[in-house]
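Secondary and tertiary structure notes
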Amino acid sequence: MAKTVADWIQDLQSEDKAVWKEAVRALSYIGSDATQPLLDAIVNKTVPQERISQTLAQMGQDALEPINQMLIGST
């Protein structure tokens, strides 16, 4: 069974560096579909901030458009 975005987000919480590094890699490949769950994890403080930042940085442009849309929609 393939992992979902939620599974990878949960793996970001792991104390095992190999596990959370793989989650960063997987989420960065998923791209914009992972942006909202990552932002939810920031708000809910369920995942160490530096791991989310690393993931979003690797996502690059894929992360920016959904974030932009959320910010525009919240004004």
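Residues numbered from 1 in each chain as written. Predicted model: local features only at pLDDT ≥ 70, side-chain atom pairs only at ≥ 80, totals over all residues. Heavy atoms only, no water.

**Comments concerning the nonpolar core**
Ranked by internal contacts, the top residues of the largest apolar core, which has 17 residues, are I9, L12, L27 and L38. Considering every element that reaches this core, the biggest residue donor is helix α2 (residues 17-30), with five residues. With residues near it in sequence (within four places) discarded, I9 still touches L27, P37, L38, A41 and V47. (Core = buried A, V, L, I, M, F, W, Y, C linked by side-chain atoms within 4.5 Å. Buried < 20%, exposed > 50% of the residue type's maximum accessible area, 1.4 Å probe, protein only. Helix = DSSP H or I, 4+ residues; strand = E, 2+ residues; numbered from the N terminus. Contact = heavy atoms within 4.5 Å.)

**Description of the packing of α2 against helix α4 (residues 49-59)**
α4 packs onto α2 with a crossing angle of 35° between their chain directions and a minimal axis gap of 8 Å. The interaxial crossing formed by α2 with α4 has right-handed handedness. In contact with W20, K21, V24, R25, L27 and S28 of α2, α4 contributes R51, Q54, T55, Q58 and M59. Taken together, the residues that form the contact of α2 with α4 break down as four nonpolar, four polar and three charged. (Axes fitted to C-alpha atoms, helices over the stretch in contact; angles between N-to-C directions. Left-handed = near helix turned anticlockwise from the far one by under 90°. Nonpolar A, V, L, I, M, F, W, Y, C, P; charged D, E, K, R; others polar.)

**A short note on the packing of helix α3 (residues 35-44) against helix α5 (residues 61-73)**
One way to put it is that α3 packs onto α5 with a least axis distance of 9 Å and a crossing angle of 65°. By the criterion of interaxial angle, the relationship of α3 to α5 is roughly perpendicular. As for the relative orientation of α3 and α5, their crossing is right-handed in sense. On α5, the residues that touch T35, Q36 and L39 of α3 are D62, A63, P66, I67 and M70. Here the contact of α3 with α5 is composed, by residue class, of five nonpolar, two polar and one charged. (Parallel < 35°, antiparallel > 145°, perpendicular 65-115°, else oblique.)

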